[in-house]
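# Survey of secondary and tertiary structure
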Amino acid sequence: MTKENEESKRGNSFMPIVLAGGISILILGVAVFAPLLVVGFIIVLLALLKVFKAGLEEKYSKSEGNLEEYPLEKVDKEKTGMWVFLVSEILLFGGLLTSYAFIRANSTYWPNALENHNVVIGTINTIVLLTSSLAMVLALNSARTGNTTGTKIALASAFILGIVFLGIKLGFEWPDEYRRGFTISSGLPESTYYALVGIHGMHVAIGCVAITYLLIRALKGQFTKTKNTGIENVGLYWHFVDIVWMFLFTIFYLL
Amino acid sequence: MIKRFSIKEWLSTTNHKRIGILYIVASITFMGIAGVFGALMRTQLATPNELFLDPFSYDQIVTFHGLLMILWVLSPLGVGLANYIVPLQIGAKDLAFPRLNALSFFTFAFSGILLLGSAFAPGGGPDVGWTFYAPLNTMQFTPQTGVTLAVLAFALLAGSVTISSVNFITTILKSRTKGVTWRRMPIFTWSVLMTNVLMLFAFPTVAAGMLLLSFDRILGSVFFSSIEGGSILWDQLFWFFGHPEVYILVLPAIGIMAEVIQTFARRPLFARTVFLIELGLVAILSQLVWVHHMFTTGVNYNLLETFAITSMAISVPFEGIVIQLVISLRKGRIKVSTPLLFSLLAIFTVVLGGLTGVLQAFPVLDYVFRGTYWVVGHFHYVMAGTTLFGLLAGLYYWWPKITGRTYNERVGIISFILSVIGFNVLYFPYFFLIDMPRRVSTYTFSSGLAPQNFVATIGAFVFFAGSALAVLNLVWSYRRNVTSSSNPWDSKELEWTKNYTGNLPGTPETVAHSQRLSERQGQSSQEDDRAK
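Residues numbered from 1 in each chain as written. Chains lettered and ligands numbered in written order. Predicted model: local features only at pLDDT ≥ 70, side-chain atom pairs only at ≥ 80, totals over all residues. Heavy atoms only, no water.

## Some points on the overall build of chain A
How we decide: Strands are runs of DSSP state E lasting at least 2 residues, helices are runs of H or I lasting at least 4, and numbering of each runs from the N terminus. Classification of residues uses two cut-offs on accessible area relative to the type maximum, computed with a 1.4 Å probe and protein chains only: under 20% is buried, over 50% is exposed, and between them is partly exposed. Contacts: residue pairs with any heavy atoms within 4.5 Å of one another. Only the protein chains shown count as cover for residues, and all accessible areas are computed by the Shrake-Rupley method using a 1.4 Å probe.
Broken down by element type, chain A carries nine helices and one strand. Listing every helix and strand of chain A by position from the N terminus yields α-α-α-β-α-α-α-α-α-α. Along the three orthogonal principal directions, the C-alpha set of chain A runs to about 70 × 45 × 35 Å. Burial statistics for chain A: of 255 residues in total, 47% are counted as buried. Within chain A, contacts between residues at least 6 apart in sequence are counted, and of these 77% link residues at least 24 apart. Entry remark: accessible area of chain A is about 12900 Å², with carbon and sulfur atoms responsible for 69%.

## Points about the interface of chain B and chain A
To keep things clear, this is the line we draw: The term buried area means the drop in 1.4 Å probe accessible area that two parts suffer when joined, counted for both and summed. What makes a salt bridge here is a side-chain nitrogen of Lys or Arg within 4 Å of a carboxyl oxygen of Asp or Glu, nothing more. For this analysis, a polar contact is any N or O atom pair within 3.5 Å, provided that within protein one partner can donate a hydrogen and the other can accept it, and provided that sequence-adjacent residues contribute only side-chain to side-chain pairs. By the convention used here, strands pair only if DSSP detects at least 2 bridges between them.
Taken residue by residue, the interface counts 62 residues in chain B and 61 residues in chain A. Both faces combined, the contact of chain B with chain A buries some 5400 Å², and carbon together with sulfur accounts for 71% of it. Counting the surface chain B buries against chain A, the share from its top three residues, B:Arg99, B:Lys174 and B:Glu228, is 13%. Our count for the chain B to chain A interface comes out at one salt bridge. Put simply, A:Glu69 and B:Lys174 hold a salt bridge, and the shortest N to O gap is 2.7 Å. Summed over the shared surface of chain B and chain A, the number is 12 residue pairs in polar contact (both at pLDDT 80 or more). Listed by contribution, the elements that provide at least two residues to the side of chain B that touches chain A are α1 (7–11), α4 (98–117), α5 (145–174), β1 (176–177), α6 (187–219) and α7 (230–264) of chain B. Sheet topology places strand β1 (residues 67–68) of chain A next to β1(B); two bridges connect them, and they run antiparallel. Paired with A:Glu68 across the two strands is B:Arg176, which belongs to β1(B).

## Topic: the nonpolar core
Residue and element names in this part refer to chain B. Basically, it comes down to this: Put simply, a nonpolar core is a bunch of buried Ala, Val, Leu, Ile, Met, Phe, Trp, Tyr and Cys residues held in one set by side-chain atoms that sit within 4.5 Å of each other.
If you look at the biggest cluster of nonpolar residues, it comprises 245 residues, and the most contacted ones within it are Phe132 and Phe203. Sorting elements by how many residues they give to this core places helix α3 (residues 55–90) first, with 21 residues. Residues within four places of phenylalanine 132 in sequence aside, it is in contact with Leu67, Asn137, Val147, Ala150, Val151, Phe154, Met210 and Trp234.

## Some points on unusual backbone geometry
Omega for the bond connecting A:Tyr70 with A:Pro71 falls within 30 degrees of zero, at 0 degrees, which places this linkage in the cis form. Structurally, the position occupied by A:Pro71 is in the loop between β1 and α4 (77–106). Omega for the peptide link from B:Ala134 to B:Pro135 comes to -5 degrees, which places this bond in the cis form. Mapped onto the elements of the fold, B:Pro135 is located in the loop between α4 and α5. You will see that B:Asn49, though not glycine, has its phi angle at about 55 degrees, which is positive. Summarising the element assignment, B:Asn49 is placed in the loop between α2 (16–45) and α3.

## Observations regarding the packing of α2(B) against α3(B)
Packed helix pairs are characterised by how far apart their axes lie and by the angle those axes make with each other. Residues and elements named next belong to chain B. Rules: Comment: axis = line fitted to C-alpha atoms, over the contacting stretch for helices; angle = value between 0 and 180 degrees taken between N-to-C directions. When describing relative orientation, an angle under 35 degrees is termed roughly parallel and one over 145 degrees roughly antiparallel, while 65 to 115 degrees is termed roughly perpendicular and anything else oblique. It is the rotation of the near helix from the far one that decides the hand of a crossing: anticlockwise by less than a right angle makes it left-handed, clockwise makes it right-handed. Nonpolar residues are Ala, Val, Leu, Ile, Met, Phe, Trp, Tyr, Cys and Pro. Charged residues are Asp, Glu, Lys and Arg, and all others, Gly as well, are polar.
Two numbers describe how α2 lies on α3: the axes approach to 7 Å, and their chain directions differ by 155 degrees. Here α2 lies roughly antiparallel to α3, going by the angle between them. Relative to α3, the crossing made by α2 is left-handed. Looking at the contact of α2 with α3, its residues break down into 28 nonpolar, nine polar and one charged.

## Brief notes about α7(B)
Residue and element names in this part refer to chain B. As a reminder, the rule being used: To estimate how far a helix should reach, multiply one less than its number of residues by 1.5 Å. What is called the bend at a residue is the angle between a pair of axes, fitted to the seven residues leading up to and ending at it and to the seven starting from it.
The terminal C-alpha atoms of α7, which comprises 35 residues, lie 52 Å apart, in line with the 51 Å expected from a rise of 1.5 Å per residue. Within α7, the axis deviates most sharply at tryptophan 239, by approximately 35 degrees. For α7, a buried count of 32 out of 35 residues is recorded, marking the element as mostly surrounded by other parts of the structure. Positioned one or two residues after α7, arginine 266 has a phi angle of 50 degrees, which is positive.

## Here's the deal with the side chain of B:Ser165
Tracing the backbone shows B:Ser165 in helix α5. Those residues in contact with B:Ser165, other than ones at most four positions away along the chain, are B:Asn196, B:Met199 and B:Leu200.

## Some details on the confidence of the model for chain B
All names here are of chain B. We apply this condition: Every residue is assigned a pLDDT by the predictor, reflecting its confidence on a scale from 0 to 100.
Model confidence for chain B is summarised by a mean pLDDT of 89, while 93% of its residues fall at 70 or above. Long-range and interchain partners of residues 523–532, a stretch whose pLDDT sits below 50, account for zero contacts in this model, where long-range means more than four residues apart. Confidence estimates for the predicted assembly give a pTM of 0.93 and an ipTM of 0.94.

## Notes on the environment of B:Trp182
When you line up the elements, B:Trp182 lands in the loop between β1 and α6. Expressed as a C-alpha distance, the spacing of B:Trp182 and B:Ser104, which sit 78 residues apart in the sequence, is 27 Å. In this view, B:Trp182 contacts A:Tyr70, A:Pro71, B:Ile172, B:Leu173, B:Arg176, B:Trp190 and B:Leu193; residues no more than four positions away in its chain are not counted. Of the polar contacts made by the side chain of B:Trp182, one reaches the backbone oxygen of A:Tyr70; its length is 2.8 Å.

## Concerning helix α11 (residues 338–361) of chain B
Given a rise of 1.5 Å per residue, 24 residues ought to cover 34 Å, and the 34 Å separating the end C-alpha atoms of α11(B) matches this to within 8%. Among the 24 residues that make up α11(B), 17 are buried, leaving the element largely enclosed by the rest of the structure.

Structure below.
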């Protein structure tokens with residue numbers, strides 16, 4: 001009994017309930033009472049910090065071994081989980097992009113992309129995000145070849161480029177468009193633009209948080225030749241976000 | 001199992017067994033609430049021109065009953081059982097990501113609390129039905145905050161389900177112990193795998209819909225208030241999730257029924273591989289039938305034809321499943337007990353629910369049935385029938401495993417009898433209410449709908465009593481200190497025997513395996529008897 005008790009206690013954590021509670025308070029803030037937004041945000045942030053800290057102290061768990069893994073013998077479980085998660089992300093953005101196509105096919109009039117959007121800024125942003133993806137690949141490569149300085153520099157630049165992308169979007173592009181009367185409530189071209197690009201932006205922001213975590217680990221020297229799955233998994237997500245942007249760039253700035 | 005109860009430990013747990021129990025307890029709590037809502041609805045509908053509930057309250061109760069029963073009761077009850085049983089069946093220490101498992105439970109629980117809390121939001125709760133049809137869901141027609149909160153609670157639930165399905169799929173892919181190959185994996189685990197694949201495909205789409213709707217309601221975008229997007233866009237996004245959701249509910253129940261029948265008939269499932277192929281076909285086809293919810297919206301003719309065909313096609317593998325479950329009982333040495341009785345009831349209801357469903361796959365008939373109590377009868381036969389009884393069977397079946405207690409068989413059978421009578425008296429009259437529209441709080445005396453409704457209400461209370469008794473029986477058995485043996489049903493399945501490696505190195509002795517063996521021995525001994 002005591003053995004089972006100890007076993008069940010191992011790995012106990014209050015963070016799931018705190019994180020879930022924080023998200024719920026955040027939702028209450030969005031829907032009912034705005035000040036709760038701040039409270040929820042702080043709780044989520046603190047919970048994430050705690051999770052990060054726990055992650056920093058954690059040793060890499062060895063594979064349990066003696067498993068039946070056909071056909072995924074060569075893929076570890078974190079990476080499998082990430083790929084499965086990306087399937088759900090594909091469906092999320094699939095739903096959004098299909099909604100866009102549905103609306104646009106139903107509309108009798110749709111403005112030319114060049115009328116409303118600055119294609120030059122869009123291109124710059126595309127380059128920024130693609131370069132950020134490149135930096136993630138370089139980070140993984142440096143980690144695999146044992147170049148710890150390279151890993152740190154590459155992760156830092158991936159993070160900075162992600163922030164630059166968001167900065168250009170939120171700091172420059174959206175205010176400019178709002179000033180010209182291109183607001184979320186003025187019509188379907190506007191609604192689709194802000195909703196889809198906004199949801200993508202949230203994904204970029206989440207990616208930046210994850211890269212921060214990787215960066216802290218890298219600064220502590222936790223990535224070595226053999227232990228670098230974290231970079232690879234966040235990288236998968238980051239490249240996915242990048243690919244989504246390729247679609248969004250095409251439909252909003254070119255078509 | 002009995003330890004000092006520590007609430008701190010339960011709230012911080014990441015153990016799959018404990019989270020499974022938490023899921024089961026939470027979903028049964030929600031079931032109690034949603035069941036009371038159902039009873040209130042039937043009370044309102046018992047007599048014509050009833051003023052027991054005003055239309056606004058009635059609409060809210062309809063909404064809560066539907067949302068809770070589908071997304072916060074039946075679906076998580078299956079997830080809870082899967083949480084407990086699947087790692088045991090595949091010999092894993094825990095799920096692949098235990099802390100994410102805890103996160104998905106708590107987001108699920110809090111999203112349910114948020115949904116119920118939306119009843120107290122300024123302006124009243126959601127009164128849009130579980131489908132949130134556009135443009136009723138826009139600010140113009142439902143300005144109350146409750147709808148916004150319900151939409152966000154739904155989105156949070158979608159997040160929770162996505163996390164848990166990632167967890168389950170990864171676990172089943174990566175954490176099977178040596179010997180549990182794909183062919184030897186128990187049927188319940190197979191059904192859970194398929195359920196989670198469906199969840200992974202279905203929930204993100206509705207999350208996209210809910211996000212767009214919340215932008216509409218909070219930031220003022222115009223997706224669902226415009227003509228170009230509007231109601232058809234919502235229908236597409238919602239039913240792309242909504243139809244697979246029906247199968248998400250029913251597949252774990254089918255898996256449980258198969259496990260229960262092969263245990264209590266003491267005979268392996270008839271043509272196990274074919275059964276699994278049929279489950280797979282159901283899973284694939286269920287992704288391809290969603291437009292049959294939209295036959296009357298004026299979708300184009302080719303879609304109508306295509307989706308009528310796929311909707312009829314999905315009944316073929318389902319018939320196979322039912323026939324195999326029944327054939328498996330043949331020549332079995334059947335031991336009658338509560339889990340088996342509930343499984344048989346579930347088979348009966350899936351036959352009736354399925355037959356009435358096929359009729360609706362014909363667009364011509366769908367034009368007549370759309371939005372009437374016929375449809376309500378049909379999906380309650382599948383959901384409240386097959387799914388609920390299947391899951392109850394699972395709960396009874398694994399109760400000794402989970403708690404180490406035996407329940408009272410006699411009370412179990414009484415609850416079964418009450419459920420059979422109550423369920424059928426409640427829902428069968430619905431097939432004679434083709435003239436009565438859904439979601440309307442009352443009807444006139446001259447409509448001639450009064451007798452059926454009155455009978456249904458009586459059935460509702462009997463059914464309520466039956467299912468409450470079924471749950472209470474389990475709770476009572478937990479209070480009383482009757483310990484059961486580690487394998488009371490004498491099952492050959494892996495979660496009971498834990499015989500992952502079997503007799504030969506690397507081969508688990510599964511039901512299909514060992515029972516076929518023992519049957520052969522039995523046959524040969526019979527032959528010996530004859531020879532003597």
